[in-house]
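Structural characterization, general
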Amino acid sequence: MSTPSPQLRDADAQPGVGVLHARLTNLTREDFARKHWARSPLLTRGASDFTDLFSAGAVDELIARRGLRTPFLRVAKDGATLPDSSFTAPAGVGASIGDQLDDTALWRGFADGATLVLQALHRTWDPVADFVARLSTELGHPVQANAYVTPPQNRGFDDHYDVHDVFVLQIAGTKRWMIHKPVHPDPLRDQPWTDHRDAVAQAAKDEPHLDTVLAPGDVLYLPRGWLHAAEAQGAVSIHLTLGIHTWTRHTLAEQLAQSALALLRDDPEMRASLPLGTDGPGEELELVRKRLLAALTETDPTPLFHRTRRGRARPAPLGPLAQLAAVESLAGDTRVRLRASLEARLEGRRLHTRAGWLDFREQDLPAVTRLLDGRVHAAHELGPELVERLLRAGVAVPGEA
């Protein structure tokens, strides 16, 4: 466990200080990677003041005033998820879609002991979205954010494991966490805890690896596969769970195999039909294995990896009115920068991003490369015609004055 440290609110904004160190672990990324990443839990007391990210007021606003629909909220009680119909309803004239959150039903369920799970807060609550984007960039893995709001003396879910790593950020109240060692280490996304239900239930009866109560400002890191259950104590508990959807070697193996198979599509002999009367692979298997091994050696899955990575998240929000104003007022001294979270990658004369791809003239490549440094540039430095194209494509956005 790390030692307590002073509150570090807003420290993540300091140049050169990442959110992993400043807000979550008090460890450098290198120390965290060496001692805990994908290995063992980490409890950090008083890691940070998280009231700038989320609060009880945020819960009430999201539920009562934002017109959220499923699946942006789940409700759980006694270890089971309740049907959406129990807490959704049409919202009246002009908003008659039937799966909007019903705040009255949610209040009654919450008062009766149900846990409210606000899902995908990286899409609905700006402070969390900004924080998650920075953390995802720092870790190199996609990140999502959920909030769990649990009434006193209740638990939403029984012992289970997740198929992604998590950081638990205690926002309000206190919650007791009981952590047990994995029964299926490093589960893949298609290997949920329900595949090992009996083993999970048996392991939960053993002495826990960690039995602790989180208070506001505490952070708990759990690698995927570690069993856990949590119960609110004497007051309403609110915590954020940041889910790290880790890239794995198995992911790379899948992409390598896909790339090899794509290469074999261009081999006429591999496209040939098997002989008539074939009742099994027989002698053909040796030929296929030989060609497949050759393709695996020859192919490069890097482009597929980056394409998959771009598809796992969205770029930073883009305001169409502000963007149009930037285009219409474009001048030589207009300041622009690369849109955040684009996962931009220049390959030859083509720029691949989460907003699509663009091809450029050879003479434009130095200016495009400058934009990719993430800094703010004046339009005259890059070329106004190029900047207008980048603004219209949603690749460049207005920069600071």
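Since we're looking at a predicted model, the values are computed, not measured.

Each value, and the rule that gives it
Residue indices begin from 1 for each chain and proceed along its sequence in written order. For this predicted model, a pLDDT threshold of at least 70 governs which residues receive local features, and a threshold of 80 or more governs which side-chain atom pairs are given and counted, while totals over whole chains, interfaces and linings are taken from all residues. Excluded from the side-chain calculations are hydrogens and water; all other atoms, namely the structure's heavy atoms, are used. Two rings belonging to Phe, Tyr or Trp (six-membered ring only in the last case) form a pair when the distance between their centres is within 6.5 Å. Interplanar angles under 30 degrees mark stacking, angles over 60 mark edge-to-face geometry, and anything in between is tilted. Where helices and strands are cited, they refer to DSSP runs of H or I of at least four residues and of E of at least two residues respectively, numbered from the N terminus. Exposure categories follow from relative accessible area, calculated using a 1.4 Å probe and restricted to protein chains: below 20% of the type maximum is buried, above 50% is exposed, and the middle band is partly exposed. Charge-over-ring placement is defined geometrically: NZ (Lys) or CZ (Arg) within 6 Å of the ring centre, and within 35 degrees of the ring normal. Strands are treated as partners if at least two bridges between them are detected by DSSP. What counts as an axis is a line fitted to C-alpha atoms, over the stretch in contact for a helix, and the angles between N-to-C directions run from 0 to 180 degrees. Think of a 1 Å grid over just the protein atoms. A cavity is a set of points where a 1.4 Å probe fits yet cannot get out, a pocket is an open set with protein on both sides within 12 Å along at least five of seven lines, and lining residues have an atom within 4 Å of a point. Grid points are joined across faces, edges and corners, and a volume is the space filled by probe spheres set on the points. Each residue gets one label: Ala, Val, Leu, Ile, Met, Phe, Trp, Tyr, Cys and Pro are nonpolar, Asp, Glu, Lys and Arg are charged, and the others, such as Gly, are polar. The term salt bridge refers to a side-chain nitrogen of Lys or Arg lying within 4 Å of a carboxyl oxygen of Asp or Glu. For this analysis, residues touch if any pair of their heavy atoms sits within 4.5 Å. The arc in question is the one spanned by the directions pointing from the helix axis to the C-beta atoms. The scheme is simple: roughly parallel for angles under 35 degrees, roughly antiparallel for over 145, roughly perpendicular for 65 to 115, oblique for anything else. Crossing chirality is assigned from the near helix's rotation relative to the far helix, an anticlockwise turn below a right angle marking it left-handed and a clockwise turn marking it right-handed. Put simply, a nonpolar core is a bunch of buried Ala, Val, Leu, Ile, Met, Phe, Trp, Tyr and Cys residues held in one set by side-chain atoms that sit within 4.5 Å of each other.

Turning next to the packing of aromatic side chains. What characterises a pair of aromatic rings is the spacing of the ring centres plus the angle enclosed by the ring planes. Throughout the structure, instances matching the rule amount to eight aromatic pairs. Seen in terms of ring centroids, phenylalanine 32 and tyrosine 221 are 4.9 Å apart; in terms of plane orientation they differ by 75°. Their pairing is edge-to-face. With phenylalanine 32 in helix α2 (residues 29–35) and tyrosine 221 in strand β11 (residues 219–222), the pair connects residues that are 189 residues apart, well separated along the chain. The exposure classification of phenylalanine 32 matches that of tyrosine 221, with both residues buried. Geometrically, the ring pair formed by phenylalanine 54 and tryptophan 125 is edge-to-face, given 6.2 Å between the ring centres and 85° between the ring planes. One end of the pair, phenylalanine 54, is in the loop between β1 (42–44) and α3 (56–65); the other, tryptophan 125, is in the loop between α5 (121–124) and α6 (126–139), and 71 residues separate them in sequence. As far as burial versus exposure is concerned, phenylalanine 54 and tryptophan 125 are alike and both buried. Every member of this aromatic cluster is reached through a ring pair, and the members are Phe32, Trp37, Phe167 and Tyr221. Of note, arginine 389 hangs over the ring of phenylalanine 360, and the distance from its end group to the ring centre comes to 5.0 Å.

With that out of the way, let us pick up the sheet that holds strand β15 (residues 345–347). The three strands are arranged β15-β16-β17 in an open sheet whose pairing can be described as antiparallel. The sheet terminates laterally at β15 and β17 (356–359), the two strands that pair on one side only. Across the sheet, the mean angle separating the axes of adjacent strands is 20° when strand polarity is ignored.

All right, on to the layout of surface pockets then. Considered as a void within the structure, the largest pocket measures approximately 1,200 Å³ in volume. If you trace the largest pocket, you find 40 residues lining it, with Ala133, Thr137, Arg314, Ser341 and Arg354 closest to the centre. Only α5, α6, β7 (143–150) and β14 (335–338) provide two or more residues apiece to the lining of the largest pocket. Broken down by element, the lining of the largest pocket gets its largest block of residues, eight residues, from α6. Along the lines of polarity and charge, the residues of the lining of the largest pocket split into 16 nonpolar, 10 polar and 14 charged.

Moving on, we get to the pattern of salt bridges. For the structure on display, the rule yields 17 salt bridges. Aspartate 364 is the salt-bridge partner of arginine 361, the closest N and O atoms lying 3.1 Å from each other. What makes arginine 361 partly exposed here is its relative accessible area of 44%. Through salt bridges that share partners, Asp267, Glu269 and Arg291 make up one connected network.

What you see with β11 is no split at all: Val219 and Tyr221 on one side and Leu220 and Leu222 on the other are buried throughout. Pairing of β1 with β11, which is carried by three bridges, proceeds in the antiparallel orientation. Pairing of leucine 42 across the sheet is with tyrosine 221, part of β11. Inspection of the sheet shows strand β8 (residues 165–172) paired to β11 by four bridges, in the antiparallel sense. From the neighbouring strand, phenylalanine 167 faces β11, where its bridge partner is tyrosine 221.

Here the focus is the environment of alanine 114. With respect to the helices and strands, the residue alanine 114 is situated in the loop between α4 (103–111) and β6 (115–118). Beyond its immediate stretch of four places on either side in the chain, alanine 114 contacts Val75, Ala76, Lys77, Gly109, Val149 and Pro151.

Looking now at helix α12 (residues 320–328). Among all positions of α12, only Gln323, Ala326 and Val327 are buried. Viewed along the axis of α12, the buried residues span an arc of 100°, placing them on a single side of the element. In α12, the exposed positions angled more than 90 degrees off the buried face are occupied by Leu321 and Glu328.

For the rest of this paragraph, the subject is the packing of helix α8 (residues 249–264) against helix α11 (residues 302–311). For the pair α8 and α11, interaxial distance at closest approach is 9 Å and the crossing angle is 120°. Relative to α11, α8 is oriented oblique. For the pair α8 and α11, the sense of crossing is right-handed. Here Leu252, Gln255, Gln258 and Ser259 of α8 lie close against α11, whose contacting residues are Leu304, Phe305 and Thr308. For the contact of α8 with α11, the per-class residue count stands at three nonpolar, four polar and no charged.

Let us look at the nonpolar core. Counting residues in hydrophobic clusters, the biggest one holds 45 residues, and the most contacted among them are Phe54, Leu118, Leu121 and Phe167. It is α6 that contributes the most residues to this core, five residues altogether. Excluding its chain neighbours within four sequence positions, the residues that come into contact with phenylalanine 167 are Leu20, Leu24, Thr25, Phe32, Val219, Leu220, Tyr221, Leu240, Thr241, Leu242 and Ile244.

Purely geometric stuff here, so don't read any function into it on its own.
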